Each structure stands twice: as C-alpha cells, then as structure tokens.
Amino acid sequence: MANMRRAAAGAAIAASMALLAACSSDGGDDGPTSGATSGGGGGDEPVTLTWWHNGVAGDTGENSLGDYWDQVAADYMADNPNVTIQIEQIQNEDLQRTRIPTALQSGDAPDLFQQWGGGEMAAQAEAGYLMDLSDVLSDDISRLGGGVAPWQVDGVTYGLPFQFAVEGIWYRPSLFEEAGITDVPTTMDELGDAVQKLKDAGIVPIAVGAADGWPAAHWWYNFALRSCSQDVVASAGTSLDFSDPCWVDAGDQLQAFIDTDPFQPQFTSTVAQTGATSSAGMVANGDAAMELMGQWNYFVYEGFTDGSDEAIAALHEDLDWFPMPATDGGSGDPSAAMGGGDGFSCYVDAPPECADFLAYIVSDDVQRGYAEAVGGLPVAPAASDAITDPVLQKIAQTTSSAAYVQLWMDTLLGPNVGGAMNDGIVNIFNGTGDAQGVVDAMVAAAATS
Amino acid sequence: MTALEASGRNADPVVEESTAGSRPPTPATDHPRRATVRKWAEIALFVGPALALFLTFVVYPVISAARYSMYKWNGVSQFSDAEFIGFENYARALFGGTDPDTKQAFTTAYTQPFWEALSHNFAIILLSLAIQLPLALIVALTLNRKFRGRAFTRVVIFAPYVLSEVIAGTMWLIIFDPNGVATQWMRAIGLDMPAGGWFEDPTWGFWTVFFIITWKYVGLAIILFLAGLSGVSEDLQEAASIDGASWWQIQWRINIPLIGPTIRIWAFLSIIGSIQLFDMVWVLNRGGTAGQYSTIASYMMEIGFFRSDWGYGSAIAVIMFFLSFVIALAYMATILRRDNAHPGKAR
C-alpha cells in the first residue's frame, strides 16, 4: 500500500518537476541542475532536502526523537537514492521564535520544518511561505483524520502532524489513597472535593507552574472550552472576536476555582519543569498530588528520577492520568478537550520530494515506529496499536473519543493575541487582574494585528 | 569604561590640533597638497575599519529600527507587505494611540505597562544614586588604607560584578525560591517571604530585584572609587591631619572632592546602565509574570519579540535609544562638562 502511494506520488513529482523546471526562470539554488533534468523523466535527479526539527538532546544527552528522525531520514534515502536529507536539530524556542521566522523572511528557508499549527501557521500561509499540501497529500490527509485540522486554514492543508494528544490531569494514586479519594474526579465538583480532602490530609492538591505563564493559562483554556461553544472558539482563531460573554465567564470560573485555594503556595513563583521546586518536580517527588499538563509531562516526570529502569518503573507504578473534569453548564461539549501536537510544513519553494518525504514521516509504519521508539502519541489511527504504555493508551483513547479537540488557545490565536491572553490570565493568578481584563487584553492585541 | 574613553575622546581634538599645528611647518609648506592627501589617507586607513563597523552594526540597525517602528508588522510576513502607520506605534505606547475606538483598550494593555516599565528604570536610576553611591563611598573610604588582606577584600567586593548575569540571576533564583534559603532564614527569625513570593509579589518583587542589582553593581562603584582615591596624594591628607583635621574632615574636604570626576563618571555609567537594564531582569523571569520588575528593555523584548509585534517593539527600542541619547548628552553637557574641559582648568 505504502509503495503504491509512493509510486503515485512519484508520478506526481515527475509531472510537477517538469512544471517546476519550465517555471524556474530566476534560477533557484539548484538552478542549473534542475534545468538539465526537464527532459530526463522524474525521480532520479539528485535532490537535497533540508529539514529542521526540535529533536535535540536533553540534559542526559539522550535524544530519542532526534535519533529516530535520523533513522527515518536514512530509511527514506535508502529507498530514494536520489534524495539527500540534511537535518538540523534546533532547540524548540530558538527554532520557533528565531530561526524559522528569520529563515522564511530571508527567502532561504529549510524545505521541511517544524510546524505547530494554529495562528502562527496561518500568518505564515498568508505571507505565502507554505506549500499547499491539500491535493498532493489528499490520501494522507484523509487517512490521518481530524487531527490534521489545526494544520489547515480555510480548508487548505499547510502541514501534517506526526503527534497529537489532549491534555489532562496527572496525579499520584498513592497520595489520592492517603487522602481517602477512591475515584478519579469526573466533574469540577468532584475535583473540588478531592482538593479539599487532599488539603485536609496536608497534601498540596495541585501544582501549577504559573511563573512560566502558559501552564497557568491552560486552566483558563479548559474553562473557556466548557464555557464557549465549539463555533465560538474555532471562529475566534480567525475573527479575533471575543464579544461572546463566555470568554469572561471562563475567567470568572477560574477565579472561583483559585479562590478554593487548590494550588501550592506562591504558585506564581513556580516554574513548570526546571528543578525540584518546579510544578513537575513537585509531582514527581510526591510533594503535590496533581498537575494539568500535556502528554509530554510523562517524560518530564521521568527526568526527576535517577534515570534507572527501576526508578522509572517505580514512578510509573504511582503515576496516572485522567481527563480534565467536566464543568456544569456552558455551551461547550463536556467531553471536548484541549490538545496540541507537532507537525511539519514544506516551504513553498521546496522540491516536490518534500511532500513525499512528509507523507513518509506520517505513514502508518513510521508512525508506529515513532510510538515505539520515542513514546510519542501518533496521529495515524492505524498506528495506535503501537502504544503499549497504559497511561499513554488512556491519553490516546481520550483523544480519539473526545467530542472535539481544540488546539491550545495560544497556538490557535498566534503569538500576539495569544501572548496577551496568557499575560492577562497570569494576572488573575497574581491577583492583579480579573476576568474582564483577560478579554480586554485580547481585544486590544487583536486591534493591533 | 566606554564613557571614560568617550570623555577622553572629547578632549582629544584639542590635543590633536595642537600637535598637528606644531608639526606641519617642514614638509607641508613645500607640498601642501601631498600632505593633505597623505593626512586623509592616514585618517581613512585608521578610522575606516572602525567607521565601517560602526555604520554597519550601530547606525544601520538604529535606522532600520526607526523604519520598522513606523509600520504595523508581525515579523512573519514580508516587511514589504507591512502597513505604514506613521507614529501610531509611538502613540500607542505613550498615550494609548490616536484612534478613539481603541484608546481605552490600548491604554490598559500597552500604555500602562510601558510607563510602569519606564518608571522602574527611573526608580532604579534614583535609587542607585541614593543608595549605591553613599554605600560605595563609605566602603571605598574605609578600605582606602593599608591592611592585611586588602587585595583579597577588593577581589571579593568586585566578584559579583565579574560574575555573568545569567549565573548570578540563577543563583538568586535558587536563593529566593519560595522554599529556598532566604525564606528559611526569614522564617527562622519569625518572619515570612512576601505573600506572592520574593520576585512575583506585586509590591515587593521590585525591591528584591533592586537588592540584587545593588549587590551586582556596587562592586564596580567601590573599585572605581578606590582607584580614584589611590590617585589622591597622601601629602594632602598628611598636611590636613597635621593641621588638626579629623578623619571625617579629611574625607569630606579632601578625598571626596578630589575623586569628584570618578564619581561623576560612575554616575553616568550607572544612569545609562539603569536605562538599558535587561539581562538580570530577563534571567529572573522576564520582568516578572505581571511586569513587577519589568524594564523598558524587557518590555520591548516581551512585546516585540515574543508577541511578534515587531513594529511596536521597534518603537519602544527607538524611545529607549532617544532616552539614553538625550540623557547622555545632557549629562555630558552639564555635569561632565567641567571634567572634560581643558585639562588645566578642571580644578
């Protein structure tokens, strides 16, 4: 099957190569070479693809993601001897905030690069930087299903995700047991009860890394998701219209929740991932019972062990996950979930092989390997059988059974409005702002873009 | 140090002119043109490289920033597609913009954080002069004598200044962690940390950061003052003490006035440094979650870079540039003037 698809793509490449050769009058990087091929029948012409991704080595020097991508590229090059793939591993924030924007503006961008979807991708698409993949990869788009939506703008696909998952609440079952909590909370009322029981038992109920901003903001996102209808949230990404009262309501619900004192003391001084006093460190060390986070935190928690198999097994023994509880009322579906993922886009001037390689990256087999080698949550439905970890299975299950998955609000709205929103939410946590202030900040930022 | 050089450079033309005037007679009268060509060739040779670097890496970026600041630009799209909006970005920062529809929203979202950041800069300027200056003077005057371990003491005092901002900032983050050693000490004496944490408390966050800045930079002042004091002739002090002057009178009437130029240069460096203060507040937590200790530079970075509001960020950068420029010029023209005047006239 995969071979057939690749053959079809190969034919498409041959056709578009000829077109490209005919069109390229200004002579790109490989001007002379591509000119020479036009008559030669496609597929064999040497092509170099540059690929920027965020799989870098962590503190321990281990780099399972980067190693896996190296393997994927090597396999692809073995199958396609004419293609050379040059990989650059770049730290996530450098990649997203500095390297990619600069490269795109310079006109000398990598062919394939990390793409987080949402508002930032929409801005890149609007500026004409991204290859339209809708037709070339239509089979893959339908195979991957709804997870592709954040990488689409007005029905046009500008990227494909290799990982997509919802967030939820990580918790330590032993601390729940100590506090006498028997069932995981499924509603906010039950979560409130659990918080009270934990406090009575002298345990910090929930850790939040509010000093980093976004971990605090994610609480608001979830209240907004339940308060606002799917249409209101989804259309806000393009209309930047926040007049619906549900946005203020989300902040009011957050305020009411903060007033129940569920978080660790001085939460605005706590970062998310660095050091034992971070929110992840608190949960990993058993100093707090819960934390709202994405699936990646599984590996962040592991980083607080000594790294030995026994220590990680011991942690897994006492670490579990449940979906964000449902709120009462609101226009949103109670089983809707916040989520996000990682994908790749092709640069508009990239050779057609870029799309073909991207299709290979998200093919069922490579997705299976991604789950097995990296412990990621693949997007391809057929690859879900490769997830063996029970907790990750639970997250995958929740992702696929959610009424709908809403992309992280800050990613959806892009850095300008999204950043203003996060800052406004942190002000609620700081006690220096209120629910209306968040909406006002978003409206103001929207007026500048 | 740059300011020292700058102040020296101001005096240079005078010297150059006088030497240039004394040298020419022999060859210049014979071949005035060749001498002129040669003079310009020399100037081009020696000044050229530095000038080229200066134009490329200082003047050009400043002009670019001024240009970007006139546009609505998100940093993603091509700049050629950006919309020209004149001085609207400046208006947004300074007073909420000119559009009555958005004035209210912009005032809260942009103008207030801007002035808050700027007020922190000015507070740091004034507090540095009011606290670091006397502190550094007292320490310098006290250490300005021969005693065992003098070199060691000086190194220890200067150590914070030598530490990189990132290392120092990380160290203080650990010390002022809600569960850190500072909190434990406060609890040991029956007090507690500020309610919102050392850095993030809306009232106390700024003071924690100012304490760290003082710790970091007071060493520079002390070393500069000590260097100045070592240039004060001991004869003067001896003469004064023979005349019956007390230790305090000697300091007040002789030492402090004589290191006046050093103090004025330090104040200049301190003021410019306070306006541009960035590294430390950024390392601590990007000026605070709610801008508790934001500075104009951290605000510029936050909005311009992380929120991709490049036009507005550039406007903030230009405002910062003008502030530094005007304050530096004013300081040069008034306070440093007597130090820079003809060497013989200084005192």
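Residues numbered from 1 in each chain as written. Chains lettered and ligands numbered in written order. Predicted model: local features only at pLDDT ≥ 70, side-chain atom pairs only at ≥ 80, totals over all residues.

## Looking at the overall build of chain B
Here's step 1: Secondary structure assignment for chain B yields 16 helices and 2 strands.
Here's step 2: Split into buried and exposed, the 347 residues of chain B put 32% on the buried side.
Here's step 3: Considering only contacts within chain B whose residues lie at least 6 apart along the sequence, 61% involve residues at least 24 apart. (Helix = DSSP H or I, 4+ residues; strand = E, 2+ residues; numbered from the N terminus. Buried ≥ 20, exposed ≤ 12 C-beta atoms within 10 Å, placed from the backbone. Contact = placed C-beta atoms within 7 Å.)

## Structural notes on the overall build of chain A
Here's step 1: The helix and strand tally for chain A stands at 19 helices and 12 strands.
Here's step 2: Rg of the C-alpha trace for chain A: 23 Å, near the compact-globule value of 22 Å for 449 residues, within the 12% margin.
Here's step 3: In chain A, buried positions account for 51% of the 449 residues.
Here's step 4: Sequence separation of 24 or more characterises 71% of the internal contacts of chain A that already satisfy a separation of 6 or more. (Rg over C-alpha atoms; globule rule 2.2 N^0.38 Å.)

## Digging into the domain arrangement of chain B
Here's step 1: Domain parsing of chain B yields domain 1 (31-61) and domain 2 (111-345).
Here's step 2: Relative placement of domain 1 of chain B and domain 2 of chain B: their C-alpha centres are 37 Å apart. (Domains from an automatic or database assignment.)

## Points about the sheet that holds strand β10 (residues 320-323) of chain A
All names here are of chain A.
Here's step 1: Ordered by their spatial adjacency, 4 strands build an open sheet running β8-β9-β7-β10, and the pairing between neighbours is mixed. Edge positions in the sheet fall to β8 (204-206) and β10, since each of these pairs with one other strand and no more. Averaged over all pairs of adjacent strands, the angle between their axes in this sheet comes to 20°, without regard to strand direction.
Here's step 2: Sheet topology places β8 next to strand β9 (residues 288-293); 2 bridges connect them, and they run parallel. Its bridge partner lying in β9, I206 is registered against M290. (Pairing = 2+ DSSP bridges. Axes fitted to C-alpha atoms, helices over the stretch in contact; angles between N-to-C directions.)

## Structural notes on the confidence of the model for chain B
All names here are of chain B.
Here's step 1: Here chain B shows a mean pLDDT of 87. Residues at 70 or above account for 89%.
Here's step 2: Within chain B, helix α1 (residues 2-22) has the poorest average pLDDT of any element, 43, and helix α4 (residues 88-95) the best, 95.
Here's step 3: With a pTM of 0.85, the predicted complex shows an ipTM of 0.83. (pLDDT = per-residue confidence, 0-100.)

## Topic: the interface of chain B and chain A
Here's step 1: On the side of chain A, 31 residues touch chain B, which itself brings 29 residues to the contact.
Here's step 2: Listed by contribution, the elements that provide at least two residues to the side of chain B that touches chain A are α5 (100-143) and α14 (296-306) of chain B.
Here's step 3: Looking at which element gives the most residues to the side of chain B that touches chain A, the answer is α5(B), with 6 residues.
Here's step 4: For the side of chain B that touches chain A, a count of residues per class yields 13 nonpolar, 12 polar and 4 charged. (Nonpolar A, V, L, I, M, F, W, Y, C, P; charged D, E, K, R; others polar.)

## Some remarks on helix α6 (residues 150-162) of chain B
One turn of the α-helix equals 3.6 residues, which is why residues spaced by three or four share an orientation.
Here's step 1: Taking 1.5 Å of rise per residue, 13 residues should cover 18 Å, and α6(B) covers 18 Å from first to last C-alpha, within 8% of that figure.
Here's step 2: At V156(B), α6(B) shows its maximal bend, which comes to roughly 25°, and the proline P160(B) appears one to four places after that position. (Expected span 1.5 Å × (residues − 1). Bend = angle between axes of the 7 residues up to and from the residue.)

## Focus: the pairing of strand β3 (residues 112-115) of chain A
On a regular strand, each side chain points to the face opposite its neighbour's, so the side chains alternate between the two faces of the sheet.
Residues and elements named next belong to chain A.
Here's step 1: As defined by bridge partners, strand β1 (residues 47-53) adjoins β3 across 2 bridges and the pair is classed as parallel. Paired with W52 across the two strands is F113, which belongs to β3.
Here's step 2: As judged from the 4 bridges shared by β3 and strand β11 (residues 337-346), these two strands associate in the antiparallel manner. Note on β11: the bridge partner recorded for L112 is C346.

## Let's talk about the domain arrangement of chain A
All names here are of chain A.
Here's step 1: For chain A, the assigned domains are domain 1 (2-165 + 341-393) and domain 2 (168-338 + 405-448).
Here's step 2: The centre of domain 1, based on its C-alpha atoms, is set 32 Å off from the matching centre of domain 2.
Here's step 3: Residue assignment for the side of domain 1 that touches domain 2 shows that the elements contributing at least two residues are α5 (118-126) and α17 (390-401).
Here's step 4: Residue contributions to the side of domain 1 that touches domain 2 peak at 4 residues, all from α5.
Here's step 5: Within the side of domain 1 that touches domain 2, the residues separate by chemical class into 7 nonpolar, 5 polar and 1 charged.

## Let's talk about unusual backbone geometry
Residue and element names in this part refer to chain A.
Here's step 1: Phi at D154 takes a positive value of approximately 50°, unusual for a residue other than glycine.
Here's step 2: With respect to the secondary-structure elements, D154 resides in the loop between β4 (152-153) and β5 (156-157).
Here's step 3: Even without being glycine, Q266 reaches a positive phi, approximately 50°.
Here's step 4: Position of Q266 relative to the elements: it lies in the loop between α11 (246-259) and α12 (279-284).
Here's step 5: Using a count of 23 C-beta atoms within 10 Å as the deciding quantity, one classes Q266 as buried.

## Some details on the pairing of strand β7 (residues 168-171) of chain A
Residues and elements named next belong to chain A.
Here's step 1: By the bridge criterion, 4 bridges tie β7 to β9 in an arrangement that is antiparallel. Pairing of G168 across the sheet is with M293, part of β9.
Here's step 2: With 4 bridges connecting them, β7 and β10 associate as antiparallel partners. Of the residues in β10, the one forming a bridge with W170 is W321.

## Some thoughts on the nonpolar core
Here's step 1: Counting residues in hydrophobic clusters, the biggest one holds 196 residues, and the most contacted among them are L112(A), A224(A), L358(A), M421(A), M442(A) and I316(B).
Here's step 2: Looking at this core, the element that brings in the most residues is helix α9 (residues 205-230) of chain B, giving 13 residues.
Here's step 3: Residues in contact with I316(B), not counting those within four places in the same chain, are A93(B), I296(B), Y299(B), M300(B), I303(B) and G304(B).
Here's step 4: Grouped together as the second largest cluster of nonpolar side chains are 5 residues, Y68(B), M70(B), Y71(B) and W310(B) included. (Core = buried A, V, L, I, M, F, W, Y, C linked by C-beta atoms within 7 Å.)

## Notes on the confidence of the model for chain A
Close inspection of predicted coordinates is inappropriate for parts of the model with low pLDDT.
All names here are of chain A.
Here's step 1: With 90% of its residues at a pLDDT of at least 70, chain A reaches an overall mean of 88.
Here's step 2: Averaged over each element, pLDDT in chain A is lowest for helix α2 (residues 31-37) (37) and highest for β8 (97).
Here's step 3: Contacts from residues 1-42, a stretch scored under 50 in pLDDT, to residues over four places away or in other chains number 34 contacts.

## Examining the packing of α5(A) against helix α18 (residues 409-430) of chain A
Residues and elements named next belong to chain A.
Here's step 1: The geometry of α5 relative to α18 is characterised by a closest axis approach of 3 Å and an angle of 80° between their N-to-C directions. As judged from the angle between their axes, α5 and α18 are roughly perpendicular. Together, G118, G119, E120 and A123 of α5 and T411, L412, L413, G414, P415 and G418 of α18 make up the contact between the two elements.
Here's step 2: Classifying every residue of the contact of α5 with α18 gives 4 nonpolar, 5 polar and 1 charged. (Parallel < 35°, antiparallel > 145°, perpendicular 65-115°, else oblique.)

## Things to note about the environment of P351(A)
Here's step 1: Counting through the fold element by element, P351(A) comes out in the loop between β11 and α15 (353-361).
Here's step 2: Beyond its immediate sequence surroundings of up to four residues, P351(A) is in contact with V47(A), L49(A) and D111(A).

## Let's talk about the environment of A140(B)
All names here are of chain B.
Here's step 1: Mapped onto the elements of the fold, A140 is located in helix α5.
Here's step 2: Looking at A140, the number of C-beta atoms within 10 Å reads 25, which means it is buried.
Here's step 3: For the pair formed by A140 and A168, sequence separation is 28 residues and the distance between their alpha carbons is 23 Å.
Here's step 4: If we skip the residues at most four places from it in the chain, A140 touches I222, F225, L226 and L229.

## A closer look at the environment of N80(A)
Here's step 1: Topologically, N80(A) is positioned in the loop between α3 (64-79) and β2 (83-89).
Here's step 2: As for N80(A) and F357(A), which are separated by 277 residues in sequence, their C-alpha atoms are 9.8 Å apart.

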